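Fold and geometry: a report
So you can see what is in the structure, the chains are spelled out below.
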Protein chains: 2
Amino acid sequence: MKHTLETYGFFFGALANPNRLQIINVLRQGKKNVGEICEATRFEQTMVSHNLKVLEYHGMVFMEKDGKLRYYTVNKKTIKPLLEFTDAHMDEYCCKLLGEQHERKK
Amino acid sequence: MKHTLETYGFFFGALANPNRLQIINVLRQGKKNVGEICEATRFEQTMVSHNLKVLEYHGMVFMEKDGKLRYYTVNKKTIKPLLEFTDAHMDEYCCKLLGEQHERKK
DNA sequence: TCATTATATGACCATAATATCATATGATAT
DNA sequence: ATATCATATGATATTATGGTCATATAATGA
């Protein structure tokens, strides 16, 4: 751990939100502008913009202007292995626990 | 992504807290019981127990009873590469941004 | 059995995160 | 210059998270 604990916490916090994860997921299919992300997710534009800002700040997505459009791409180098790795962990440890006690409140 | 977005979000949320990260960090040195974790972190016992529960739920730490003591170990298989990977990402993308705009409120 | 030590649990309050609403900026075209 | 479209920003209300306090459980020993 080379950085402060706050920095790590902040970083993981960016991934701790299902809506942001859905945006990431949509971007894994390829480059998309904000409108396309809204369409794919059925999220409001302002919400998407706010969350893209968080993701961009943490280097999880990159932005590229094209006229009045802004295209976003996911940082595959980071996101792909991070999620694959998390998948593997969940397969082994997490899912067998879900539903036991700690069920997240709706 | 094989699991629900909520599950991933919940998982990363467990890592989105500096105190939990500090507990993890202490456990990386080796197996410790709750009292030893309190001593090492200077955290209150109840706070440590609450946070250990979260970490254990997500398979990030394991627990082993020994008399009235409960020893915890970190799940190195998951935590070590996850943190190393995050380090590498931060070296490249994150730290150069810190302090620019999104500084976390105190 | 009772006392003590170690740890966990539940309730509560303060703080932080989040989506939404209203509005602003920026780019293009007319 | 103004209208329009795409996106961003700021404020606010609501919800979620987290630490603390009080208390419970569990194990051991006297």
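As a starting point, this report considers the structure included with it. Here the structure is a predicted model, which is why all the values come from computation and not from measurement.

1. Concerning the protein's contact with DNA strand D
Among the 23 residues in the neighbourhood of DNA strand D, the closest are listed as Gln45, Ser49, His50 and Tyr72 of chain A together with Asn19 of chain B. Close to the protein, within 4 Å, the atoms of DNA strand D are drawn from sugar and phosphate at a rate of 63%. Here arginine 20 of chain B contributes a side-chain N or O atom positioned 2.9 Å from a phosphate oxygen of DNA strand D. For DNA strand D, a phosphate oxygen lies 3.3 Å from a polar atom in the side chain of asparagine 51 of chain B. If you list the elements that add at least two residues to the surface near DNA strand D, you get helix 3 (34-41), helix 4 (45-57) and strand 3 (69-74) of chain A together with helix 2 (18-27) and helix 4 (45-57) of chain B. When residues in the surface near DNA strand D are grouped by element, the largest group, 5 residues, is from helix 4 of chain A.

2. Concerning the relation of the copies chain B and chain A
The second copy of the chain is related to the first by a rotation about an axis and a shift along the axis. With an RMSD of 0.1 Å, the operation that places chain B on chain A is a rotation of 180° combined with a shift of 0.0 Å along the axis. The relationship between the two copies is best expressed as a two-fold rotation axis. Taken as a fraction of all interface residues of chain B, those also at the interface in chain A reach 100%, which identifies the copy contact as same-surface.

3. Description of the packing of helix 2 of chain B against helix 4 of chain B
Residue and element names in this part refer to chain B. Between helix 2 and helix 4, the shortest axis-to-axis distance is 10 Å and the interhelical angle comes to 80°. As the angle between them shows, helix 2 and helix 4 are arranged roughly perpendicular. Residues Asn19, Arg20, Ile23, Ile24 and Leu27 of helix 2 lie in contact with helix 4, whose contacting residues are Met47, Val48, Asn51, Leu52, Val54 and Leu55. Across the contact of helix 2 with helix 4, the residue classes tally to 8 nonpolar, 2 polar and 1 charged.

Calculation criteria
- Residues numbered from 1 in each chain as written.
- Chains lettered and ligands numbered in written order.
- Predicted model: local features only at pLDDT ≥ 70, side-chain atom pairs only at ≥ 80, totals over all residues.
- Heavy atoms only, no water.
- Near = heavy atom within 4 Å.
- Polar contact = N/O pair within 3.5 Å; in protein donor to acceptor, adjacent residues only side chain to side chain.
- Helix = DSSP H or I, 4+ residues; strand = E, 2+ residues; numbered from the N terminus.
- Least-squares fit on C-alpha atoms with pLDDT ≥ 70 in both.
- Contact = heavy atoms within 4.5 Å.
- Axes fitted to C-alpha atoms, helices over the stretch in contact; angles between N-to-C directions.
- Parallel < 35°, antiparallel > 145°, perpendicular 65-115°, else oblique.
- Nonpolar A, V, L, I, M, F, W, Y, C, P; charged D, E, K, R; others polar.

Functional significance is not addressed by these values, which are geometric in nature.
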